[in-house]
Amino acid sequence: SMHRSLWFACLVASTAAFMAQQQRPRTTLHAVDVSLEKPLGLVLEENVRDAPEGLYVAEIDSDGSASACADIKVDDRLDAVNGVDTTSMGFDDVMDLIVDAPSPVQLQFSGPTC
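Here the residue numbering is sequential within each chain, running from 1 through the sequence in written order. Local features in this predicted model are restricted to residues whose pLDDT is 70 or higher, and side-chain atom pairs enter the listing and the counts only when it is 80 or higher, whereas totals over whole chains, interfaces and linings include all residues. The basis for the side-chain values is all heavy atoms of the structure; hydrogens and waters are excluded.

1. What about the pattern of salt bridges?
The test is simple: Note on definitions: salt bridges are taken to be side-chain nitrogens of Lys or Arg within 4 Å of carboxyl oxygens of Asp or Glu. Note on exposure labels: buried denotes an accessible area under 20% of the residue type's maximum, exposed denotes more than 50%, and partly exposed covers the range between, all computed with a 1.4 Å probe on protein chains only.
By the definition in use, this model includes one salt bridge. The residue Asp 79 makes a salt bridge to Arg 77 at a minimum N-O spacing of 2.8 Å. Each member of the pair, Asp 79 together with Arg 77, is buried.

Put into structure tokens, the structure is as follows:
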């Protein structure tokens, strides 16, 4: 029965990987989950201009707390702020979330392969 349970666990893992693949059209190399003090030192821009398609990191300011976190890269997509999915929000809504959030803010990013 040991063999059988191992096989089952393996099946579950591959199903989860398949589902994750289904959701994200672009290849994700790294997912970053960080807690940053304000000011973040991030310049965020819209993935699609004037559309609620989430934001990405356009620049990282050397003075902000994001620059100290090597995992965050320019072009990373911002996926969530304090657990709230931001991938289908517009610029102002995401900014409101960040402004209203207590410091440190919990942020999730994901980035494409290099």
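2. What to know about unusual backbone geometry
Backbone phi values are negative for most residues with the exception of glycine, while trans is the configuration of most peptide bonds. What counts here: In this text, helices come from DSSP runs of H or I with a minimum length of four residues, and strands from runs of E with a minimum of two, each type numbered from the N-terminal end.
The omega angle of the peptide bond from Lys 38 to Pro 39 is -5 degrees, so this bond is cis rather than trans. Positionally, Pro 39 belongs in the loop between strand E1 (28-36) and strand E2 (42-46). The omega angle of the peptide bond from Ser 103 to Pro 104 is 0 degrees, so this bond is cis rather than trans. At Asp 75, a position not held by glycine, the phi torsion is positive, near 85 degrees.

3. A look at the environment of Ser 88
Heads up, the rule is: In what follows, a contact means two residues having at least one pair of non-hydrogen atoms within 4.5 Å.
Tracing the backbone shows Ser 88 in the loop between strand E5 (84-85) and helix H2 (91-100). Using a relative accessible area of 53% as the deciding quantity, one classes Ser 88 as exposed. For the pair Ser 88 and Ala 51, spaced 37 residues apart in the sequence, the C-alpha separation amounts to 8.6 Å. Among residues more than four places away in sequence, those in contact with Ser 88 are Pro 52, Glu 53 and Gly 54.

4. Things to note about the nonpolar core
Here is the rule: Side-chain atoms within 4.5 Å are what join buried Ala, Val, Leu, Ile, Met, Phe, Trp, Tyr and Cys residues into a set we call a nonpolar core.
Counting residues in hydrophobic clusters, the biggest one holds 20 residues, and the most contacted among them are Val 34, Leu 42, Ile 72, Leu 78, Leu 107 and Phe 109. Once you skip the residues sitting within four places of it in the chain, Ile 72 turns out to touch Val 32, Val 34, Leu 36, Leu 42, Val 57, Ile 60, Ala 66 and Phe 109.

5. Observations regarding the side chain of Asp 79
So the rule is basically this: Definition of a polar contact: a pair of N or O atoms within 3.5 Å, with one able to donate and the other able to accept a hydrogen when the atoms are protein atoms, and with sequence-neighbouring residues admitted only if both atoms are side-chain atoms.
Relative to the elements of secondary structure, Asp 79 occurs in strand E4 (residues 77-81). When its relative accessible area of 9% is taken as the criterion, Asp 79 is described as buried. For Asp 79, the side chain forms a polar contact with the side chain of Ser 110, separated by 2.9 Å.

6. Focus: the pairing of E4
Rules: In this scheme, strands are said to pair when DSSP sees at least two bridges between them.
Counting buried residues along E4, five of its five residues qualify, which places the element largely inside the surrounding structure. The pairing of strand E3 (residues 55-60) with E4 spans two bridges and is antiparallel. When the bridges of E4 are listed, Tyr 56 appears paired with Arg 77. For E4 and strand E6 (residues 105-112), the ladder comprises four bridges, and the chain directions are antiparallel. Looking at E6, one finds that Ala 80 is bridged to Gln 108. As defined by bridge partners, E4 adjoins E5 across two bridges and the pair is classed as antiparallel. Each residue of the ladder has a partner; that of Ala 80, found in E5, is Asp 85.

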